[in-house]
Amino acid sequence: MCLQGSFQPIMAQSEPGMLAIGMILGVLASMAGTAGKQCMRFSELQRRKGTAASVFLGKVAMGLGLLFSAVLGPLIDMGSYAFAPQSIIAPLGALDVVWNTLTAPFTLGETLTLRLSLGCCVIVAGALTSSLVGSHDPGDWDMEAIQRILLRPTVGYYLLAHK
């Protein structure tokens, strides 16, 4: 059971296998975001054709794109945080760029260059390293700990400098 004032995911505390579920859900959320973005891009390509059928198809694709990007992806992402801490899940959001780059040549007819492929490799390496090697301890965040962090002079300096 989660203690009052603690921000740790309830399930991630009890079973180690839940970490894998959280990571899988994080990857699926990034894939849903990619599907949404590609549907929206497809919608614009159809709109540019100008025929009645393509404009209608574009509107359907836009609706699906918004559904995937604004509803389905965020719901899956929210669910992933119930199984794993943010330090593991957040880097997986970068995989959205990878899925987009790898699938756009097949779905939208775009060109995949060597430079884009190498960039994808760097992103995958960074996301996996951050998720697998990074801190897996979400810590004990009570109100006093949060106040100690937010009331430091450096936070005030940061806020003043970024107006």
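Not measured: the values here are computed from a predicted model.

As a rule of thumb, soluble globular proteins bury nonpolar side chains together. Counting seven residues, the largest nonpolar core is built from Met-23, Ile-88, Leu-92, Leu-95, Val-98, Cys-120 and Ala-127. The set of elements that each furnish at least two residues to this core consists of α5 (95-107) and α6 (114-133). Excluding residues that lie within four positions of it along the chain, Met-23 makes contacts with Ile-88, Ile-89, Leu-92, Ser-131 and Leu-132.

This part is about helix α3 (residues 52-80). In this model, α3 (29 residues) spans 41 Å end to end at C-alpha, consistent with the 42 Å of a helix rising 1.5 Å per residue. Listed as buried for α3 are Ser-54, Gly-58, Ala-61, Gly-65, Gly-73 and Ser-80. Tucked inside the fold, the buried residues of α3 contact α2 (17-49) and α4 (86-89).

Turning our eyes to something else, we now look at the pattern of salt bridges. Following the criterion strictly, the structure yields four salt bridges and no others. The partner of Lys-37 in a salt bridge is Asp-96, with the nearest N and O atoms 2.7 Å apart. Placement of the pair is Lys-37 in helix α2 and Asp-96 in helix α5, with a sequence separation of 59 residues. For Lys-37, a relative accessible area of 38% puts it in the partly exposed group. According to the relative accessible area criterion, Asp-96 is buried, its value standing at 13%. Between Arg-47 and Glu-44 there is a salt bridge; the shortest N-O distance is 2.7 Å. Highlighted residues: Arg-47 and Glu-44, both in helix α2, separated by three residues, approximately one helical turn. Each of Glu-44, Arg-47 and Arg-48 takes part in one network of salt bridges that share partners.

The next thing to look at is the confidence of the model for the chain. Low-pLDDT stretches of the model should not have their predicted coordinates read in fine detail. On average, residues of the chain carry a pLDDT of 86, and 87% of them reach 70 or more. In the model of the chain, helix α1 (residues 10-14) stands out as the element of lowest mean pLDDT, 45, in contrast to α3, which has the highest, 96. Contacts from residues 1-14, a stretch scored under 50 in pLDDT, to residues over four places away or in other chains number 28 contacts.

Moving on to the packing of α2 against α5. Look at α2 against α5: their axes get within 9 Å of each other, and the N-to-C directions meet at 45°. Considering the angle they form, α2 stands oblique to α5. Read as a crossing pair, α2 and α5 show a hand that is right-handed. Only Leu-95, Asp-96, Trp-99, Asn-100, Thr-103, Ala-104 and Thr-107 of α5 make contact with α2, whose side of the interface consists of Val-27, Ser-30, Met-31, Gly-33, Thr-34, Lys-37 and Gln-38. Tallied by class, the residues present in the contact of α2 with α5 amount to five nonpolar, seven polar and two charged.

Positionally, Ser-30 belongs in helix α2. On the basis of relative accessibility, which here comes to 5%, the residue Ser-30 falls in the buried class. Setting aside residues up to four positions removed in sequence, Ser-30 forms contacts with Leu-92, Gly-93, Leu-95, Asp-96 and Trp-99.

Cut-off values and rules
- Residues numbered from 1 in each chain as written.
- Predicted model: local features only at pLDDT ≥ 70, side-chain atom pairs only at ≥ 80, totals over all residues.
- Heavy atoms only, no water.
- Core = buried A, V, L, I, M, F, W, Y, C linked by side-chain atoms within 4.5 Å.
- Buried < 20%, exposed > 50% of the residue type's maximum accessible area, 1.4 Å probe, protein only.
- Helix = DSSP H or I, 4+ residues; strand = E, 2+ residues; numbered from the N terminus.
- Contact = heavy atoms within 4.5 Å.
- Expected span 1.5 Å × (residues − 1).
- Salt bridge = Lys/Arg side-chain N within 4 Å of Asp/Glu carboxyl O.
- pLDDT = per-residue confidence, 0-100.
- Axes fitted to C-alpha atoms, helices over the stretch in contact; angles between N-to-C directions.
- Parallel < 35°, antiparallel > 145°, perpendicular 65-115°, else oblique.
- Left-handed = near helix turned anticlockwise from the far one by under 90°.
- Nonpolar A, V, L, I, M, F, W, Y, C, P; charged D, E, K, R; others polar.

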